[in-house]
Amino acid sequence: MPDFLHLGGLDMRQKAQIMDREGIRRALTRIAHEVIERNQGTGNLALIGIRRRGVPLAARLAERIREIEGSSVPVGTLDITLYRDDLTTLAQQPLVHRTEVPFPVTDKTIVLVDDVIYTGRTIRAALDAIMDLGRPRQIQLAALIDRGHRELPIRADYVGKNVPTSRREVVSVRLQEIDAEERVLILEKE
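Along each chain, the written sequence defines residue order, and numbers are assigned to residues from 1. Given that this is a predicted model, residues contribute local features only at a pLDDT of at least 70 and side-chain atom pairs are listed and counted only at 80 or more, while totals for whole chains, interfaces and linings are drawn from all residues. No hydrogens and no water enter the side-chain calculation; it runs on all heavy atoms of the structure.

1. Some remarks on the sheet that holds strand E7 (residues 158-162)
- Strand order in this open sheet of five strands is E4-E3-E5-E6-E7, and the pairing throughout is parallel. Two strands bound the open sheet, and with one partner strand each, they are strand E4 (75-78) and E7. Here the strands of the sheet are splayed against their neighbours by 25° on average, with no regard to which way each runs.
- Where strand E3 (residues 45-50) and strand E5 (residues 109-117) come together, five bridges link them in parallel fashion. Note on E5: the bridge partner recorded for Leu45 is Thr109.
- Against the sheet, helix H2 (residues 54-69) engages E3, E4, E5 and strand E6 (138-146), with an angle of about 155° to E3.
- Should any heavy atoms of two residues lie within 4.5 Å, those residues are counted as being in contact. For every element, the axis is a line fit to its C-alpha atoms; helices are fit only across the contacting stretch, and the angle between N-to-C directions ranges from 0 to 180 degrees. Helix numbering and strand numbering both begin at the N terminus, where a helix is a DSSP run of H or I of at least 4 residues and a strand a DSSP run of E of at least 2. Across the sheet, helix H4 (residues 121-131) lies against E3, E4, E5 and E6, angled at about 155° from E5, the strand it touches most. Should DSSP find at least two bridges between two strands, the strands are regarded as paired.

2. Considering empty space enclosed by the protein
- The method works on a 1 Å grid over the protein atoms by themselves. A cavity is a set of points holding a 1.4 Å probe that cannot get out, a pocket is an open set with protein on both sides within 12 Å along at least five of seven lines, and residues with an atom within 4 Å of a point line them. Grid points are joined across faces, edges and corners, and a volume is the space filled by probe spheres set on the points. A full pass over the atoms with the stated rule returns one cavity of 30 Å³ or more.
- In this model, the largest cavity occupies a volume close to 30 Å³.
- What lines the largest cavity is Leu28, Ile31, Leu57, Leu61, Val113, Asp114, Ala142, Ala143 and Leu144.
- Every element with two or more residues in the lining of the largest cavity is listed here: helix H1 (21-38), H2, E5 and E6.
- It is E6 that provides the largest number of residues to the lining of the largest cavity, a total of three residues.
- Per-class residue counts for the lining of the largest cavity are eight nonpolar, no polar and one charged. For this scheme, ten residues count as nonpolar: Ala, Val, Leu, Ile, Met, Phe, Trp, Tyr, Cys and Pro. Four count as charged, namely Asp, Glu, Lys and Arg, and the remainder, Gly too, count as polar.

3. Remarks on the UniProt feature "short sequence motif: PRPP-binding" (unreviewed entry) in the protein
- UniProt positions are given in the numbering used here, feature names are shortened, and annotations may be inferred rather than shown by experiment. The sites that carry the UniProt feature "short sequence motif: PRPP-binding" (unreviewed entry) are, in the present numbering, residues 110-122.
- For residues 110-122, the helix share is 15%, the strand share is 62%, and the end-to-end C-alpha distance is 16 Å.

4. Focus on the pattern of salt bridges
- Salt bridges are counted wherever a side-chain nitrogen of Lys or Arg sits within 4 Å of a carboxyl oxygen of Asp or Glu. One pass over the full model with this rule turns up 19 salt bridges.
- Arg25 is the partner of Glu22 in a salt bridge, and the nearest nitrogen-oxygen pair spans 2.3 Å. Within this pair, Glu22 and its partner Arg25 are both found in helix H1, separated by three residues, close to a single helical turn.
- Glu151 is the salt-bridge partner of Arg167, the closest N and O atoms lying 4.0 Å from each other. One end of the pair, Arg167, is in the loop between E7 and strand E8 (169-174); the other, Glu151, is in the loop between E6 and E7, with 16 residues separating them in the sequence.
- Burial classification: accessible surface area is computed with a 1.4 Å probe over protein chains only, and a residue below 20% of its type maximum counts as buried, one above 50% as exposed, and the rest as partly exposed. Look at Glu151 and you get partly exposed, because its relative accessible area is 41%.
- Among the charged side chains, a network of salt bridges with common partners joins Arg53, Arg174, Asp179, Glu181 and Arg183.

5. A word on the nonpolar core
- To qualify as a nonpolar core, a set must consist of buried Ala, Val, Leu, Ile, Met, Phe, Trp, Tyr and Cys residues joined through side-chain atoms within 4.5 Å. With 30 residues, the main nonpolar core has Leu47, Ile65, Val111, Leu144, Ile145 and Val184 as its most contacted residues.
- Of all elements in the fold, only strand E2 (10-19), H1, E3, H2, E5, E6, E8 and strand E9 (183-189) reach the threshold of two or more residues within this core.
- Top element by residues in this core is H1. It accounts for seven residues.
- For Leu144, the residues in contact, after removing those within four places along its chain, are Met19, Ile24, Ala27, Leu57, Asp114, Asp115, Val159, Gly160, Lys161, Val173 and Val184.
- Among the nonpolar cores identified, the runner-up in size contains 21 residues, and Ile50, Ile117, Ile123 and Ala126 belong to it.

6. Quick word on the packing of aromatic side chains
- Pairing of aromatic side chains requires ring centres within 6.5 Å, counting the rings of Phe and Tyr and the six-membered ring of Trp. Pairs whose planes differ by under 30 degrees are stacked, by over 60 edge-to-face, and all others tilted. Summed over all chains, the structure comprises zero aromatic pairs.
- One residue, Arg147, lies across the ring of Tyr118, its end atom 3.9 Å from the ring centre. Think of it as a cone above the ring: NZ of Lys or CZ of Arg counts as a charge over the ring if it is within 6 Å of the ring centre and within 35 degrees of the ring normal.

7. Here we look at the packing of H1 against H2
- The contact between H1 and H2 brings their axes to 9 Å, and the two run at 60°. The angle between H1 and H2 falls in the class oblique. Two packed elements cross with a definite hand, and for H1 against H2 that hand is right-handed. Residues Ile24, Arg25, Leu28, Thr29, Ile31, Ala32, His33, Val35 and Ile36 of H1 form the contact with H2, whose participating residues are Leu57, Arg60, Leu61, Arg64, Ile65, Ile68 and Glu69.
- Taken together, the residues of the contact of H1 with H2 sort by class into ten nonpolar, two polar and four charged. For classification, angles of less than 35 degrees are called roughly parallel, those exceeding 145 degrees roughly antiparallel, those between 65 and 115 degrees roughly perpendicular, and all remaining angles oblique. Take the far helix as the reference: if the near one is turned anticlockwise from it by less than a right angle, the crossing is left-handed, and if turned clockwise, right-handed.

Below, the structure written as C-alpha cells:
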C-alpha cells in the first residue's frame, strides 16, 4: 500500500495501520461472544449491516455466532441513503441501494452493525430506517471501530477497538469483500 492515497476526492497520507486481518478476526469473535452473553443466546436475535462495510461485517459476525452457538441468526442489509441528514450535500442524484431485511423486525432484538462509529449521524439515520420496517424489542449497536467525536448522544454496545483520532484523520476499514485487502488504517488529510 502506498504512503499516499486518493480517497473521496482528497489526498490522504497513511499514518498508521491499527488492525490487520487477524486483529479484525479476533475483534469480531470477541463481539460475537459479547452479543451471545448479553442476549443470553440467540433466540429472537437478528443482525442488520449498514451499507457498505457493515454488511460483510454483519455476515462475518453471524458466522462467528453460528460457530459458537450452533444456531444461525438472520442477517439483513440496510441502505440509509434517503435517511441521511446531509443528503442534499452528497450529490444531485444520490445512489440508492436496496434495503434487504428478509425477516420481520417487530419484537426482535436487532444488532445494527457498522464499520466505524464517528459522529453518530449514520446510526441515527439507520435507526430511522429500521423503525420504518417495524418496532423492534431492542436495537443494539456493534462497531468494529469507535473513533470518538460524537455529535449525537449515541454509543456502541459492542466495539472491536476504540481509536482516539483527530478530526483531520480518517479511519479506513478495508475488507476483503469490498477492497480486496484486510486491514484498518488511519489516514491523514494532506
